[in-house]
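# Structural features, examined
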Amino acid sequence: MDENPQASSTEDAAADLMLEQITKQVKNMKEHLPKVLSPDVVAGYSKVLDLEDECNSLRHSVNDYKQREAQLARSCESLMASTERDKQEFFQLKGEVASLNELITEQASFCSTVGATTCNLLWKMSHCAGAVDSILTGNMLISFLQLANSSLDGFIESCHGLISEESAEVNFIMALCGVLTNIFATSSGRDYLMTSGFGLSLTDQYISILSKDVKSERLKNIVLMAIYNISISQKGLEMVASRPGLVSSLTQILTCASASGNHLQALRSVVGCCTLVIRYVYNHVTWCRVLMSSHVPGNG
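Everything quoted here is computed from the prediction, not taken from an experiment. (Residues numbered from 1 in each chain as written. Predicted model: local features only at pLDDT ≥ 70, side-chain atom pairs only at ≥ 80, totals over all residues. Heavy atoms only, no water.)

### Brief notes about the overall build of the chain
Condition: Put simply, DSSP marks the helices as runs of H or I at least four residues long and the strands as runs of E at least two long, and each gets a number from the N terminus on. Classification of residues uses two cut-offs on accessible area relative to the type maximum, computed with a 1.4 Å probe and protein chains only: under 20% is buried, over 50% is exposed, and between them is partly exposed. The contact criterion used throughout is that any non-hydrogen atoms of two residues lie within 4.5 Å.
Along its length, the chain carries 11 helices and zero strands. Taken from N to C terminus, the helices and strands of the chain fall in the order α-α-α-α-α-α-α-α-α-α-α. A burial count over the chain gives 26% of its 300 residues as buried. For the chain, restricting intrachain contacts to residue pairs at least 6 apart in sequence, the fraction spanning at least 24 positions comes to 70%.

See the structure below:
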């Protein structure tokens, strides 16, 4: 059965009327409420609304900070894990470096031992003049002298008086200086070293060794023998006497009671230098006499 259209229309009219009455009441309340309520209540209500807005804003800020905190916590955990991995890698690398340093030390000791053994054999061979001639005519002489220069430079830089005389390094340098001393002992060896430029650098290195606090008196003795061998020739004597620091080093050796075994070698070098001075003075006096005799007026 169909609904009654008249009854439906009546209900809609009633609802519209009720809505209109509610609207009028709300409007009246809005108009009369400020008159009924005191200004303090109205101001408080406005303040409450402002505080609600501020609370909402703070609530959003707190949520943002919480999200940021969670993000930072995740980043912190990631960084801590990365730091732990780096720490483990560091300790691993530290162990590898320690192993490599130990290996390098062993290799350096082995090389020093091999070098000392080889140079000692060459030192014994160089006592023969024929062996020195073979060294001078060989095609490895320049390489040997370059090795000697670099080895002596390294020893001078690292020597602080703490190296044991029995160490492989000192034995190597001692044998190397012994070979060079025997080369300087021959006229051909002196001439070659004086003309090649190695003589000057070796002499400076020898003087540096003498001035260092080297505990090995035997090494100093070999160096003093080398300086004396250089000074045997006129050119070598002039070169030795012209080097700064030689006289002070020889004086220190002569005045040192613990170096009594090297006094003779130091005196031989001092005598050589004095001989050069005496020879220079003699030549100068002779030249002055000749000059004076050439200006003597003749008799008329």
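After that view, the rundown keeps rolling.
### Notes on helix 5 (residues 168-184)
Since there are 3.6 residues in each turn of an α-helix, residues three or four apart along the chain are aligned in direction. Cut-off, in case you're wondering: The span expected for a helix works out to 1.5 Å for each residue beyond the first.
Compared with the 24 Å implied by 1.5 Å per residue over 17 residues, the 24 Å span of helix 5 between its first and last C-alpha is a close match. Where burial is concerned, most of helix 5 is hidden: 14 out of the 17 residues are buried.

### What about the confidence of the model for the chain?
Worth spelling out the cut-off: Summary of the metric used: pLDDT quantifies the predictor's per-residue confidence within the range 0 to 100.
Of all residues in the chain, 76% have pLDDT values of 70 or greater, and the mean over the chain is 77. The secondary structure element of the chain with the lowest average pLDDT is helix 11 (residues 263-294), at 61, and the one with the highest is helix 5, at 87. Taken together, the stretch residues 295-300 has pLDDT below 50 and engages in zero contacts with residues farther than four places along the chain or on a different chain.

### Some details on the state of the cysteines
Heads up, the condition is: Note on terminology: pairs of cysteine sulfur atoms within 2.5 Å are recorded as disulfides.
Tallied over the full model, the rule gives zero disulfides. Unpaired in this structure, Cys177 has its nearest cysteine sulfur neighbour in Cys119, at a distance of 9.6 Å.

### Observations regarding helix 9 (residues 234-242)
Stated formally: Here, the arc refers to the directions that run from the helix axis to the C-beta atoms.
Gly236, Leu237, Met239 and Val240 are the residues of helix 9 that are buried. The arc that holds every buried residue of helix 9, seen down its axis, measures 165°, which confines them to one face.

### Observations concerning the environment of Leu246
Of note, Leu246 is situated in helix 10 (residues 246-255). Residues Leu246 and Ser211, 35 residues apart in the sequence, show an inter-C-alpha distance of 8.5 Å.

### Considering the nonpolar core
The condition is simple: Only buried residues count toward a nonpolar core, which is a set of Ala, Val, Leu, Ile, Met, Phe, Trp, Tyr and Cys residues joined through side-chain atoms within 4.5 Å.
By size, the foremost hydrophobic cluster in this structure holds 45 residues, and its most contacted members are Leu152, Cys177, Leu180, Ile183, Tyr206, Leu219 and Val223. Looking at this core element by element, the count peaks at 11 residues for helix 5. In this structure Cys177 touches Leu152, Tyr206, Leu219, Ile222 and Val223, once residues within four positions along its chain are discounted.

### A few points about a negative patch on the surface
We count it as follows: Residues with no salt bridge and a relative accessible area higher than 30% make up the patches, which join like charges within 9 Å and nonpolar side chains (Val, Leu, Ile, Met, Phe, Trp, Tyr) within 5 Å. Values of accessible area rely on a 1.4 Å probe in the Shrake-Rupley scheme; residue burial ignores everything except the protein chains shown. Whenever a carboxyl oxygen of Asp or Glu lies within 4 Å of a side-chain nitrogen of Lys or Arg, that contact is scored as a salt bridge. Charge assignment in this entry is limited to Lys and Arg as positive and Asp and Glu as negative, and neither His nor the chain termini are counted. A single reference atom marks each charge: NZ on Lys, CZ on Arg, CG on Asp, CD on Glu.
On the surface, a cluster of negative charge is made up of Asp50, Glu52, Asp53 and Glu54. Mapped onto the fold, Glu54 is located in helix 2 (residues 39-125).

### Thoughts on the packing of helix 4 (residues 141-158) against helix 5
Just so we agree on the cut-off: Each axis is a line fitted through C-alpha atoms, and for a helix only the stretch in contact is used; angles between axes span 0 to 180 degrees, taken between their N-to-C directions. Here roughly perpendicular refers to angles of 65 to 115 degrees, roughly parallel to angles under 35, roughly antiparallel to angles over 145, and oblique to all remaining angles. Crossings are sorted by hand: turned counterclockwise from the far helix by less than a right angle, the near helix makes the crossing left-handed, and turned clockwise it makes it right-handed. For this classification, the nonpolar set comprises Ala, Val, Leu, Ile, Met, Phe, Trp, Tyr, Cys and Pro, the charged set comprises Asp, Glu, Lys and Arg, and every other residue, Gly included, is treated as polar.
For the pair helix 4 and helix 5, the least separation of the axes is 11 Å and the interaxial angle reads 135°. When the interaxial angle is binned, helix 4 and helix 5 end up oblique. Once helix 4 is placed against helix 5, the crossing between them reads as left-handed. Along its contact with helix 4, which presents Phe144, Leu145, Ala148, Ser151, Leu152, Phe155 and Ser158, the element helix 5 presents Glu169, Val170, Phe172, Ile173, Leu176, Cys177, Val179, Leu180 and Ile183. Its residues placed into classes, the contact of helix 4 with helix 5 shows 13 nonpolar, two polar and one charged.

### What about a nonpolar patch on the surface?
A grouping of Met18, Ile22 and Val26 is seen on the molecular surface, where their side chains present a nonpolar patch of about 270 Å² in accessible area. Within the secondary structure layout, Val26 lies in helix 1 (residues 5-36). Among the residues examined, Val26 registers a relative accessible area of 38% and is labelled partly exposed.

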